[in-house]
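Each chain, letter by letter, is given below.
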Amino acid sequence: MANTATAPAPTGELKSTGTLDITDSRTGKSYNVQILEGGPEGDTAARAMDLRQIRTSPDEFGLMTYDPAFMNTASCKSAITFIDGDKGILRYRGYPIEQLAEDASFLEVAWLLRHGELPTQKEYDQWVHDITYHTYVHENVKEFLEGFRYNAHPMSMLCATVAALSSFYPEAKNIADPEQRDISIVRLLAKMPTLAAFIYRHLKGLPYVYPDNELGYVENFLSMVARMSEPKYEANPAFVKALEVLFILHADHEQNCSTSAVRAVGSSQVDPFSAIAAGVAALYGPLHGGANEQVLRMIEQIGHPKNVPGFIEDVKSGKGSRLMGFGHRVYKSYDPRAKIVKRLADDVFKVVGMDKDLEIALKLEEVALNDDYFVSRKLYPNVDFYTGLIYRSMAFPTDFFTVLFAVARTSGWLAQWEEMLNDKEQKIARPRQIYVGHGERDYQSQLKQKPPRRIRDG
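Residues numbered from 1 in each chain as written. Predicted model: local features only at pLDDT ≥ 70, side-chain atom pairs only at ≥ 80, totals over all residues. Heavy atoms only, no water.

## With respect to the overall build of the chain
In terms of regular secondary structure, the chain is built from 17 helices and six strands. In terms of overall size, the chain behaves like a compact globule, its C-alpha atoms giving a radius of gyration of 25 Å where 458 residues would be expected to give roughly 23 Å. Projected onto the principal axes, the alpha-carbon positions of the chain cover approximately 75 × 65 × 65 Å. Within the span of the chain, comprising 458 residues, buried residues form 47% of the whole. Accessible surface, the chain as shown: approximately 23,900 Å² in total, 51% of it carbon and sulfur. (Helix = DSSP H or I, 4+ residues; strand = E, 2+ residues; numbered from the N terminus. Rg over C-alpha atoms; globule rule 2.2 N^0.38 Å. Buried < 20%, exposed > 50% of the residue type's maximum accessible area, 1.4 Å probe, protein only. Areas by Shrake-Rupley, 256 points an atom, 1.4 Å probe, with all protein chains shown as cover.)

Listed below in structure tokens is the structure:
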């Protein structure tokens, strides 16, 4: 493989813009803490370690920050993705997501996320060639998949299979070697669609379809998923366009749960296959990658368009029903990705037609967008609401949706993983805790009879 790797764009340094004066009411002592500013968007922070100097005695550990779920803690500095949730802004390396979704290809975005700049034609052609060349997986992977039941959840299969790849490429643990990082990144981007397609075929009890290196990234994936007896698979152009854009929209999303998992596990200097498997495991959760599954479950629960008003009233009254696919932890206005996916959904629906479930979804959207209860709380449809509908229209099983998410997000995970490795300030992740348990106490057994101790020879 030709080595096309260049050093990823350096992460900007934090600059001091002033100090924060803190007076400890316990001691009356004052402290100065530096205020640091990041890039052009003006993010500011203080180093948590600067608070360690605040203590009541020399023997005390010092002040920590307590921040469950990292609601206001920056665990790293990053130059990859910028989000302004209040304004509904998402940018990759400075480029608005709307422009990338409209004109870029997924592999072009994958290069951008990793390298920081858009590829030249020569770089892009080599990048596409290298990824295409590595789409095949070892034949033993098929045997590995055969060990799973036919009804195993596809995300558990994907997590295990990605982790298993590290055993096929033991040299990948040499993460300090740029060439090894490069080939590992190419292999993961190339093989994730193949693994996903093989998992799909395993679930369906169908023979595996090998990659077709004459096809593009998305077309090849759809061929491996849907090809039957035809000598050459031709995907529906509307499906190809939809999946390409969805892959771009899901490529990265700053320090979310799965990306934080990749960085935390990767900080132990494990191989990238294992780190990405950690991301897959985190994405598996219904509060993260499984959210678009929950949208479809909700629609099944509603059952008919006529039931939508009653369902909405149950949500508003707190009678147990939950409105899935609306609102977002980060975006406090409209999710910018949702606007793009809404247009995509309309294009796909024109091809597949309308059915009862789609009618329910569109009725739900209409009612919620015109109800002051939801509008005042800024509970707008998010990207999960529409992506679930598109995937369903393309005949993907509901529990396979998150696998599609993982294929796309691998590009962002890898960019974040490599950025973390190149950040000299990063060490192995090791959060602190505030201990709230018992103080020291003496052991007094509550057992009436204990099993005998067993002493092994040797």
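More follows now that the structure is in view.
## A word on helix α6 (residues 178-204)
With 27 residues, α6 extends 39 Å between its outermost C-alpha atoms, agreeing within 8% with the 39 Å of an ideal straight helix rising 1.5 Å per residue. The largest bend along α6 reaches roughly 35° and is located at K191, with the proline P193 sitting one to four residues downstream. Buried residues dominate α6, accounting for 24 of its 27 residues. Between the side-chain oxygen at the start of α6 and the backbone nitrogen of E179 there is a gap of 2.9 Å, and the oxygen is on D177. Count one or two residues on from α6 and you reach G205, which has phi positive near 70°. (Expected span 1.5 Å × (residues − 1). Bend = angle between axes of the 7 residues up to and from the residue. Polar contact = N/O pair within 3.5 Å; in protein donor to acceptor, adjacent residues only side chain to side chain.)

## Here's the deal with the pattern of salt bridges
Tallied over the full model, the rule gives 19 salt bridges. One salt bridge in this structure joins E418 and R114, with 2.7 Å as the shortest N-O distance. Linking E418 in helix α17 (residues 401-422) with R114 in helix α2 (residues 106-115), this pair joins segments that are 304 residues apart in sequence. The partner of E313 in a salt bridge is K316, and the shortest N-O contact between them spans 3.4 Å. Remark: K316 and E313 occur in helix α12 (residues 308-317); sequence separation between them is three residues, near one turn of the helix. Each of R47, K77, D423 and E425 takes part in one network of salt bridges that share partners. (Salt bridge = Lys/Arg side-chain N within 4 Å of Asp/Glu carboxyl O.)

## Focus on the nonpolar core
Among the nonpolar cores identified, the biggest contains 116 residues, and Y92, L158, F221, L222, L364, F396 and F400 are the most heavily contacted of them. A total of 13 residues in this core trace back to one element, the largest contributor, which is α6. Beyond its immediate sequence surroundings of up to four residues, L158 is in contact with M192, L195, I199, V280, V403 and A406. (Core = buried A, V, L, I, M, F, W, Y, C linked by side-chain atoms within 4.5 Å. Contact = heavy atoms within 4.5 Å.)

## Considering the sheet that holds strand β4 (residues 81-84)
Reading across from one edge, β4-β5-β6 is the order of the three strands in this open sheet, with antiparallel pairing throughout. On the outer flanks of this sheet lie β4 and β6 (95-96), each paired with one strand and no other. Two strands pair when backbone bridges link them, and β4 and strand β5 (residues 89-92) are joined in this way by four bridges, in the antiparallel orientation. Looking at the pairing, I83 lines up with L90 of β5. (Pairing = 2+ DSSP bridges.)

## What about empty space enclosed by the protein?
Throughout the structure, instances matching the rule amount to two cavities of 30 Å³ or more. Estimated volume of the largest cavity: approximately 80 Å³. For the largest cavity, the full set of lining residues is L107, I131, T132, T135, A190, P193, D212, N213, L215, G216, Y217 and N220. Those elements giving two or more residues to the lining of the largest cavity turn out to be α3 (121-133), α6 and α7 (217-226). Among the residues forming the lining of the largest cavity, the class breakdown is six nonpolar, five polar and one charged. Considered as a void within the structure, the second largest cavity measures approximately 30 Å³ in volume. Along its surface, the second largest cavity is lined by A110, R114, I185, L189, S411, L414 and A415. Listing elements by their share of the lining of the second largest cavity, those giving two or more residues are α2, α6 and α17. (1 Å grid on protein atoms, 1.4 Å probe; cavity = no way out; pocket = protein on both sides within 12 Å on 5 of 7 lines; lining within 4 Å. Points joined across faces, edges and corners; volume = space filled by probe spheres on them. Nonpolar A, V, L, I, M, F, W, Y, C, P; charged D, E, K, R; others polar.)

## Details of the packing of aromatic side chains
Summed over all chains, the structure comprises 18 aromatic pairs. Ring geometry for F144 against F148: centres 5.8 Å apart, planes inclined by 75°, an arrangement best described as edge-to-face. Given a relative accessible area of 35%, F144 falls into the partly exposed group. A centroid spacing of 5.2 Å and a plane angle of 85° characterise the contact between F385 and Y386, whose relative ring orientation is edge-to-face. Assigned by exposure class, F385 and Y386 land together as buried. (Phe/Tyr/Trp six-rings, centres within 6.5 Å; stacked < 30°, edge-to-face > 60°.)

## Observations regarding the side chain of H250
By secondary structure assignment, the location of H250 is in the loop between α8 (237-249) and α9 (257-266). Beyond its immediate sequence surroundings of up to four residues, H250 is in contact with Y92, R337, V383, T387, Y391, F405, A408 and R409.

## Description of the packing of helix α5 (residues 154-168) against α17
Following both chains from N to C, one finds α5 and α17 inclined at 35°, their axes separated by 8 Å at the closest point. Contacts from P154, M155 and L158 of α5 reach α17 at T402, V403 and A406. Counted by class, the contact of α5 with α17 contains five nonpolar, one polar and no charged residues. (Axes fitted to C-alpha atoms, helices over the stretch in contact; angles between N-to-C directions.)

## Here's the deal with the sheet that holds strand β2 (residues 30-37)
Taken in spatial order, the three strands make up an open sheet running β1-β2-β3, and their pairing is antiparallel. Either end of the sheet is taken by a strand with one partner, and the two such strands are β1 (15-23) and β3 (44-45). Relative to β2, β1 runs antiparallel, the two sharing eight bridges. Residue T23 lies in a different strand from β2, and its bridge partner there is S30.

## Some words on α17
Counted at 1.5 Å a residue, the expected span for α17 with its 22 residues is 32 Å, and the 32 Å between its end C-alpha atoms agrees. Most of α17 sits inside the fold, with 20 of its 22 residues counted as buried.

## Observations regarding the side chain of T81
Looking at the secondary structure, you find T81 in strand β4. Given a relative accessible area of 11%, T81 falls into the buried group. Here the side chain of T81 touches D252 through a polar contact of 2.4 Å, side chain to side chain.

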